[in-house]
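# Survey of secondary and tertiary structure
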Amino acid sequence: MSPLKPPVARRVAIVAGSRVPFARSDGPYATASNQDMLTAALDALVERAGLQEPGAVGEFVAGAVLKHARDFNLARETVLGSKLDPRTPAYDIQQACGTGLQAVIAAANKIALGQTESAIAGGADTASDAPLGVNDDLRRILLEARRAKSAGGRLKALARIRPGHLVPDIPRNAEPRTGLSMGEHAAVTARVWGVTREAQDELAATSHQRLAAAYERGFFQDLVVPFRGLARDQNLRPDSTAGKLAALKPVFGLKDPDPTMTAGNSTPLTDGAAVVLLASEEWAEAHGLQVLAYLTAYETAAVDFVRGDVAQGEDGLLMAPAHAVPRMLERAGLGMDDFDLVEIHEAFASQVLATLAAWEKRGLAPVDRARLNVTGSSLATGHPFAATGARIVATLAKLLADREGPGRGLISVCAAGGQGVTAILERA
């Protein structure tokens, strides 16, 4: 028997995207589950792309960072409750804030290798409906009661329950290895890289202004579907200015002599979902769908933010893209000047500015601010952790498609745990 020939990688097309407007936590989506939001985004994509027929899509891959036990099979349950063919295979993926982009990469790899012709990828997160853990002492008592061999044994175990055991473990946006919140980690990075308050507020205001302008010119008309009374991202402040943001008090790094990070230049806790349709060129042509752009390269990285070089800024919690992007560009034979558009996830304005400085330190050309996050980013839209990557991919693909002639875009997403996911989109 002759050995199988290795598959020849094919180009992977970004065909369409869909998301619900992002909402601040405990707001309009307070009672919406991850599945509710993800289904709404998926159904809109199915309708817009005409994917209702049996076997229309090869598979669905998505994830969430904040998950209840009921979400253990989130992607598959979303398919079963959606307008997509219920026979569509689905699976979950999770890489903190990089989940949405990593889901896109996972789907793209199968398309590139000919294992499927099309796939939908994305993610959802609700900070409003975050799971509350049972107090750990109470959990041990309940487990002991369950293991008891008699009613007396169960009663003996349950009799040890005290009022304090009924206080739930509330999720915290903190790193298990350090106990510091993401904001506190970012404050350390901001101080090390000398990021100023003025620069952060200016970047945040620009994000809001550009997102507002994009909505006004109808850019998001075929990307955002109304959901639960929202037609635009709730966090958007069209009248935001650096001057107004300068009036806000710092909320992170308060032990520093001159703290710079506020609620205005940091992303709020957010609810939302986003998905992207990927396919081979042949599949897109057969279905009469326009190719917006091609996913041509991707790279991940991680830093040791616990024991690494945090003091010099190399291993800050959110600095992994500073390592991933230079590596990816070297492999692709590209420089920063080769990109018409750059999309950096705005977890914090300080993190974006530190990343830009780190790229320059590593020899990359400065990023032209006129090409950076041209329709706004997470500071304005909000950041439902697992949805952000898919939001950015769909946005950048459409931006490239709207240009006259070829173009190339860079994506950079930082993630909890000291990780980063990056990618390149191109349009010939």
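Here's what I pulled together on the structure shown here. (Residues numbered from 1 in each chain as written. Predicted model: local features only at pLDDT ≥ 70, side-chain atom pairs only at ≥ 80, totals over all residues. Heavy atoms only, no water.)

### Examining the overall build of the chain
The helix and strand inventory of the chain stands at 13 helices and 12 strands. In terms of overall dimensions, the chain is globule-like: its C-alpha atoms have a radius of gyration of 22 Å, near the 22 Å expected for 428 residues. Taken along its principal axes, the extent of the C-alpha atoms in the chain is 75 × 65 × 50 Å. In the chain, buried positions account for 56% of the 428 residues. A fraction of 80% describes how many contacts in the chain between residues 6 or more apart in sequence connect residues 24 or more apart. For the chain, the exposed area adds up to about 18,300 Å²; of that, 53% sits on carbon and sulfur atoms. Separation of charge centres in the chain, based on 45 positive and 48 negative side chains, amounts to 7 Å. (Helix = DSSP H or I, 4+ residues; strand = E, 2+ residues; numbered from the N terminus. Rg over C-alpha atoms; globule rule 2.2 N^0.38 Å. Buried < 20%, exposed > 50% of the residue type's maximum accessible area, 1.4 Å probe, protein only. Contact = heavy atoms within 4.5 Å. Areas by Shrake-Rupley, 256 points an atom, 1.4 Å probe, with all protein chains shown as cover. Lys, Arg positive; Asp, Glu negative; His and termini not counted. Charge placed at Lys NZ, Arg CZ, Asp CG, Glu CD.)

### Observations regarding helix H7 (residues 197-216)
The end-to-end C-alpha distance of H7, which contains 20 residues, comes to 29 Å, matching closely the 28 Å that a straight helix rising 1.5 Å per residue would cover. Where H7 is concerned, the buried positions are Arg197, Gln200, Asp201, Leu203, Ala204, Ala205, Ser207, His208, Leu211, Ala212, Ala214 and Tyr215. Elements in contact with the buried residues of H7: strand S1 (12-19), helix H8 (242-245), strand S6 (250-252), strand S7 (261-262), helix H11 (349-361) and helix H12 (378-381). Once H7 ends, the next one or two residues include glycine 218, with phi positive near 80°. (Expected span 1.5 Å × (residues − 1).)

### Comments concerning the pattern of salt bridges
Using the criterion set out here, one finds 26 salt bridges in the structure. Between glutamate 59 and lysine 110 there is a salt bridge; the shortest N-O distance is 3.1 Å. A residue pair is termed long-range when its members are at least 10 positions apart, and glutamate 59 in strand S3 (residues 59-63) and lysine 110 in helix H3 (residues 99-112) qualify at 51 residues. As a salt-bridge pair, arginine 160 and glutamate 144 come within 2.9 Å of each other at their nearest N and O atoms. With arginine 160 in the loop between helix H5 (151-158) and helix H6 (182-192) and glutamate 144 in helix H4 (residues 136-147), this residue pair connects regions lying 16 residues apart in the sequence. Residue classification places arginine 160 among the partly exposed residues on the basis of a relative accessible area of 37%. With a relative accessible area of 36%, glutamate 144 lands in the partly exposed category. Several salt bridges converge on common partners, so that one network encompasses Asp136, Asp137, Arg139 and Arg140. (Salt bridge = Lys/Arg side-chain N within 4 Å of Asp/Glu carboxyl O.)

### What to know about the pairing of S1
In the case of a regular strand, side chains alternate between the two sheet surfaces. Within S1, 8 of the 8 residues are buried, which leaves the element mostly enclosed by the surrounding structure. In this sheet, strand S9 (residues 293-302) lies alongside S1 in antiparallel orientation, the contact comprising 3 bridges. What sits directly across from valine 12, in S9, is leucine 295. The pairing of S1 with strand S8 (residues 270-280) spans 7 bridges and is classified as antiparallel. Counterpart to alanine 16 in the pairing with S8 is leucine 277. (Pairing = 2+ DSSP bridges.)

### Concerning empty space enclosed by the protein
For the structure shown, the criterion picks out 1 cavity of 30 Å³ or more. Quantified by volume, the largest cavity comes out at close to 40 Å³. Lining the largest cavity are Gly17, Ser18, Arg19, Leu223, Ala274, Val275, Ala390, Arg391, Ala394 and Thr395. When residues of the lining of the largest cavity are traced back to their parent elements, those giving at least two are S1, S8 and helix H13 (388-402). Residues of the lining of the largest cavity, tallied by class, amount to 5 nonpolar, 3 polar and 2 charged. (1 Å grid on protein atoms, 1.4 Å probe; cavity = no way out; pocket = protein on both sides within 12 Å on 5 of 7 lines; lining within 4 Å. Points joined across faces, edges and corners; volume = space filled by probe spheres on them. Nonpolar A, V, L, I, M, F, W, Y, C, P; charged D, E, K, R; others polar.)

### With respect to the environment of alanine 301
On the secondary structure map, alanine 301 appears in strand S9. For the pair alanine 301 and tryptophan 283, spaced 18 residues apart in sequence, the C-alpha to C-alpha distance is 32 Å. Discounting residues that sit within four places of it in the chain, alanine 301 has contacts with Ala320, His323, Ala324, Arg327, Gly418, Gln419 and Gly420.

### Here we look at helix H10 (residues 321-332)
Compared with an ideal rise of 1.5 Å per residue, which puts 12 residues at 16 Å, H10 spans 16 Å between its outermost C-alpha atoms and is within 8% of the ideal. Buried within H10 are the following residues: Pro321, Ala322, Ala324, Val325, Pro326, Met328 and Leu329. Taken together, the buried residues of H10 touch S9, H11, strand S11 (407-415) and strand S12 (419-427).

### Quick look at the nonpolar core
Counting 49 residues, the largest nonpolar core has Leu278, Ile411 and Leu425 as the members making the most contacts within it. Those residues in contact with leucine 425 that lie beyond four places of it in its chain are Ile14, Ala293, Tyr294, Leu295, Val393, Leu396, Ala397, Leu400, Gly407, Arg408, Gly409 and Ile411. Val46, Ala64, Ala124 and Leu289 belong to the second largest nonpolar core, which has 41 residues in total. (Core = buried A, V, L, I, M, F, W, Y, C linked by side-chain atoms within 4.5 Å.)

### Re the layout of surface pockets
Of the pockets and cavities examined, the second largest pocket occupies roughly 340 Å³. Around the second largest pocket, the lining comprises 14 residues; the ones closest to its centre are Asn173, Phe252, Thr267, Pro268 and Leu269. Of all the secondary-structure elements, those providing two or more residues to the lining of the second largest pocket are H6 and S6. Here the lining of the second largest pocket is composed, by residue class, of 8 nonpolar, 6 polar and no charged.

### Things to note about the environment of glycine 316
Topologically, glycine 316 is positioned in the loop between S9 and H10. In this structure the C-alpha to C-alpha distance between glycine 316 and alanine 186, which are 130 residues apart in sequence, comes to 7.5 Å. Those residues within four positions of glycine 316 in sequence are excluded, and the remaining contacts are Thr189, Val303 and Phe305.

### Regarding a nonpolar patch on the surface
On the surface, a cluster of nonpolar side chains totalling about 230 Å² of accessible area is made up of Val134, Leu142 and Leu158. Position of leucine 158 relative to the elements: it lies in helix H5. Residue class for leucine 158 comes out partly exposed when judged on its relative accessible area of 35%. (Patch = residues over 30% accessible without salt bridge, like charges linked within 9 Å, V, L, I, M, F, W, Y side chains within 5 Å.)

### Focus: the packing of aromatic side chains
Enumeration over the complete set of coordinates arrives at 4 aromatic pairs. Taking 5.0 Å as the distance between ring centres and 70° as the angle between the ring planes, the aromatic pair formed by tyrosine 29 and phenylalanine 227 counts as edge-to-face. Residue tyrosine 29 is found in the loop between strand S2 (23-24) and helix H1 (34-49), and its partner phenylalanine 227 is found in the loop between H7 and H8; the two are separated by 198 residues along the sequence. Just as tyrosine 29 is buried, phenylalanine 227 falls in that class too. Here phenylalanine 252 and phenylalanine 348 contribute two aromatic rings whose centre-to-centre distance is 6.0 Å and whose plane-to-plane angle is 90°, an arrangement assigned as edge-to-face. Highlighted residues: phenylalanine 252 in strand S6 and phenylalanine 348 in the loop between strand S10 (341-344) and H11, separated in sequence by 96 residues. In this structure phenylalanine 348 comes out as buried when scored by relative accessible area, which is 5%. Chaining the aromatic ring pairs together yields one cluster made of Tyr215, Phe219 and Phe220. Across from the ring centre of tyrosine 294, 3.8 Å away, lies the NZ or CZ of arginine 11, which sits over that ring. (Phe/Tyr/Trp six-rings, centres within 6.5 Å; stacked < 30°, edge-to-face > 60°. Lys NZ or Arg CZ within 6 Å of the ring centre and 35° of its normal.)

Keep in mind these numbers describe shape, not what the thing actually does.
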